[in-house]
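Fold and contact review
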Amino acid sequence: MVDLAVVIVTWNIRDLALQALQSLYKDLENSGLATAIYVVDSASTDGTPEAIAQSFPQVNLTASKENLGFGGGNNTALR
C-alpha cells in the first residue's frame, strides 16, 4: 500500500532532477509514508536517465525514446 506517489517528468534537466530527488528523499526520510517515486524521461540527450538510474536506483524510471511532453509523461507513469 502506498501513501504517496510522486511523478517527475524530465527532459534535459539532469542536475535539477538529481537535486529534486535528493531533496524529495531527504524530506520523506522521517515522514513514515510509504512512497513510490516515478520519473519519466522524455528522450533527454544530457544523460538525465543514466544519472538518475545510477544515483537513485530505487526510483521507478522510464526512459522514453521520444519526447512525450508533460501530459504524456504523467500518463506513462500512471500506467
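Note: the structure precedes this text.
Quick notes on the rules
Residues numbered from 1 in each chain as written. Predicted model: local features only at pLDDT ≥ 70, side-chain atom pairs only at ≥ 80, totals over all residues. Heavy atoms only, no water. Helix = DSSP H or I, 4+ residues; strand = E, 2+ residues; numbered from the N terminus. Contact = heavy atoms within 4.5 Å. Buried < 20%, exposed > 50% of the residue type's maximum accessible area, 1.4 Å probe, protein only. Polar contact = N/O pair within 3.5 Å; in protein donor to acceptor, adjacent residues only side chain to side chain. Arc of directions from axis to C-beta. Pairing = 2+ DSSP bridges. Axes fitted to C-alpha atoms, helices over the stretch in contact; angles between N-to-C directions. Core = buried A, V, L, I, M, F, W, Y, C linked by side-chain atoms within 4.5 Å.

As for the side chain of Ser-64
As for its position among the elements, Ser-64 is in strand E3 (residues 60-64). Apart from residues no more than four positions distant in its own chain, Ser-64 is found in contact with Asp-41, Ser-42 and Ala-43.

Regarding the side chain of Thr-10
Structurally, the position occupied by Thr-10 is in strand E1 (residues 4-10). Its relative accessible area of 2% is what places Thr-10 among the buried residues. Only 2.6 Å separates the side chain of Thr-10 from the side chain of Asp-41, close enough to count as a polar contact. When sequence neighbours within four positions are dropped, the list of residues in contact with Thr-10 reads Ala-17, Val-39, Val-40, Asp-41, Ser-42, Ser-44 and Thr-48.

Quick notes on helix H3 (residues 69-78)
Taken together, the buried positions of H3 are Gly-73, Asn-74 and Ala-77. Relative to the axis of H3, the buried residues are bounded by an arc of 100 degrees and lie together on one face. Of the surrounding secondary structure, the elements contacted by the buried residues of H3 are E1 and strand E2 (35-42).

Here's the deal with the sheet that holds E3
Strand order in this open sheet of three strands is E1-E2-E3, and the pairing throughout is parallel. Only two strands of the sheet have a single neighbouring strand rather than two, namely E1 and E3. In this sheet, adjacent strand axes meet at a mean angle of 15 degrees when their direction is disregarded. Sheet topology note: the E2/E3 ladder contains five bridges and is parallel. Bridged to Asp-41 within E3 is Ala-63. The strands that H3 touches are E1, E2 and E3; relative to E1, the one it contacts most, it runs at about 140 degrees.

Concerning the nonpolar core
Within the largest apolar cluster, twelve residues are counted, these being Val-6, Ile-8, Ala-17, Leu-21, Leu-24, Tyr-25, Leu-28, Ile-37, Val-39, Ile-52, Phe-56 and Val-59. Where this core is concerned, the elements lending two or more residues are E1, helix H1 (14-28) and E2. Among the elements that make up this core, the one with the highest residue count is H1 (five residues).

The quantities given are spatial measurements derived from coordinates; they are silent on function.
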